[in-house]
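Summary of the model geometry
Listed here are the chains, written in short residue letters.
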Amino acid sequence: MAENAASLGQFDFAGDDHVVPFQVEGLDVRGRAVQLGPLLDAILARHDYPTPVARLLAEAIVLTVLLGTSLKFEGKFTVQTKGDGPVDLLVADFSTPENVRAYARFNEEALAKAVAEGRTEPEQLLGKGVLAFTIDQGRFSQPYQGIVALDGASLEEIAGTYFRQSEQIPTRVRLGAAELFDRDENGKPRHRWRAGGLIAQFLPEAPERMRQPDLHGGDGDTGGRDHAEDDAWAEARSLVETIDADELTDPQVGTERLLYRLFHERGVRVYEPKAVYDRCSCSRDKLKGVLKGFSAEEIEASQENGEIAVTCEFCSTTYRFEVSEIEVA
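Here is a short report on the structure shown in this document. Computed from a predicted model, the values in this text were never measured in an experiment.

Before going further, it helps to examine the overall build of the chain. What the chain contains, in helices and strands, is 11 helices and 14 strands. Over its C-alpha atoms, taken along the principal directions, the chain stretches across nearly 70 × 60 × 50 Å. For the chain, the residues scored as buried account for 42% of the 329 residues in total. Sequence-distant contacts in the chain: of pairs separated by 6 or more residues, those separated by 24 or more amount to 63%. By element, 45% of the accessible surface of the chain is carried by carbon and sulfur atoms, the whole surface being about 17,200 Å².

Written out as structure tokens, the structure is:
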């Protein structure tokens, strides 16, 4: 945690697209919160996703930003879902220190049928599959990946299950996304996307205080609960659970103000915000390097009229290459 801590009001509010680290000393809680506006709107508008897909991807982006900005080293953090539902793939990644990109893949026919039948809950759109968190520190280290089943009603619930099972740190995640319909400065109707989220973690000095009650084993489990939840964490978790989804996305309720509403009685402290940006890592040189690895047969199959066109799935930028640029000598 940064040393230049400040109380609410000691510096300007962070605004959109800035992650705000915070600490609640009275509850031994640390975390981060964010509201995404222009960054999110640009990513979603670029692909013109249907509303159910855009909402899911928005929450995945928030989750990625909240977790990715915690990295203390140069690298990339990726959140990815793979399932058998109409939205079979969500990918969002954060490249330190500040770059975000994301895209979704879906089956148009299956999605239209699901919407017509009213099956638009996250678990119905994603289907059965996995949520994966990947940390990649570059070519000199092995990527680390944590995986949890898509077994929950929402991405925030699934992420909570991951932290419970894998990290062993009491953690509560809140995510929200919303569409805004208003008018621009010229009075013309305008549609925008916003999203917000918060992650709170219980990090007391005494590790034994982090013990959590055992998970219920399902039908037939009559065993007792070995560990009672720490009172401080129980209070913090209860406070976080009072957040209304609209508060996470409301442009009139800034991130610092939301944190103050939640924790002011316990002395919340906010730290210098970290800006995040809609920036893709693709480049002509990178794609050219990939194409140079193609065989002569693959180059022939990919070209049209002596040219190969490659479109980045993340940012939709199309790069065009003359076959002569990449042909094997």
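The discussion continues.
What follows covers helix α1 (residues 38–47). Those residues of α1 not exposed but buried are L39, L40, I43 and L44. Along the axis of α1, the buried positions cluster into a sector of 115 degrees, meaning they face one direction only. Among the exposed residues of α1, those oriented more than 90 degrees off its buried face are P38 and A45. The secondary structure elements touched by the buried residues of α1 are β2 (29–36), α2 (51–68), β5 (99–105), β9 (189–202) and β12 (277–278). Once α1 finishes, D48 follows within two positions and takes phi at roughly 50 degrees, a positive value.

Turning our attention to the pairing of strand β13 (residues 307–311). Only one face of β13 is buried, namely the one carrying I308 and V310, since none of E307, A309 and T311 on the opposite face is buried. Bridge analysis of β13 against strand β14 (residues 318–322) gives 5 bridges, and the strand direction is antiparallel. Within the sheet, the bridge partner assigned to T311 lies in β14 and is T318. Between β13 and β14, which pair antiparallel one after the other, the connecting turn spans 6 residues, and S316 there sits at a positive phi close to 65 degrees.

Turning to the pattern of salt bridges, a few remarks are in order. Within the structure shown, the criterion is met by 19 salt bridges. In this structure, D93 engages R101 in a salt bridge whose closest nitrogen and oxygen atoms are separated by 2.9 Å. Side by side, D93 and R101 carry an identical accessibility label, which is buried. Between E156 and R172 there is a salt bridge, and its shortest N-O distance comes to 3.6 Å. Placement of E156 in helix α5 (residues 155–167) and of R172 in strand β8 (residues 171–183) is noted, with a sequence separation of 16 residues between them. By relative accessible area, which is 14% here, E156 ends up buried. Among the charged side chains, a network of salt bridges with common partners joins E156, R172, R174, E229, R237 and E241.

Further remarks concern the packing of α2 against α5. Interhelical geometry of α2 versus α5 gives an angle of 35 degrees and a closest axis separation of 10 Å. Touching L56, E59, A60, L63 and L67 of α2 are L155, A159 and F163, all from α5. Its residues assigned to classes, the contact of α2 with α5 comprises 7 nonpolar, no polar and 1 charged.

What follows concerns the side chain of R32. Its place among the elements puts R32 in strand β2. Residue R32 is classed as buried on the basis of its relative accessible area, which comes to 14%. A distance of 2.6 Å separates the side chain of R32 from the backbone oxygen of L66, its partner in a polar contact. Residues in contact with R32, not counting those within four places in the same chain, are V19, V20, P21, F22, L66, L67, T69, S70, G197, L198 and I199.

Strand order in this open sheet of 6 strands is β7-β6-β3-β4-β5-β12, and the pairing throughout is mixed. Pairing within the sheet leaves two strands with one partner each, and these edge strands are β7 (144–149) and β12. One ladder, built from 8 bridges, connects strand β3 (residues 76–83) with strand β6 (residues 129–136); its direction is antiparallel. Across the sheet, Q80 pairs through a bridge with A132, a residue of β6.

This part covers the nonpolar core. By size, the foremost hydrophobic cluster in this structure holds 66 residues, and its most contacted members are L36, I61, L90 and F133. Top element by residues in this core is α2. It accounts for 12 residues. Dropping the residues within four chain positions of it, I61 is found in contact with L36, L39, L40, I43, A92, V100 and A102.

Rules used in this analysis
Residues numbered from 1 in each chain as written. Predicted model: local features only at pLDDT ≥ 70, side-chain atom pairs only at ≥ 80, totals over all residues. Heavy atoms only, no water. Helix = DSSP H or I, 4+ residues; strand = E, 2+ residues; numbered from the N terminus. Buried < 20%, exposed > 50% of the residue type's maximum accessible area, 1.4 Å probe, protein only. Contact = heavy atoms within 4.5 Å. Areas by Shrake-Rupley, 256 points an atom, 1.4 Å probe, with all protein chains shown as cover. Arc of directions from axis to C-beta. Pairing = 2+ DSSP bridges. Salt bridge = Lys/Arg side-chain N within 4 Å of Asp/Glu carboxyl O. Axes fitted to C-alpha atoms, helices over the stretch in contact; angles between N-to-C directions. Nonpolar A, V, L, I, M, F, W, Y, C, P; charged D, E, K, R; others polar. Polar contact = N/O pair within 3.5 Å; in protein donor to acceptor, adjacent residues only side chain to side chain. Core = buried A, V, L, I, M, F, W, Y, C linked by side-chain atoms within 4.5 Å.

Keep in mind these numbers describe shape, not what the thing actually does.
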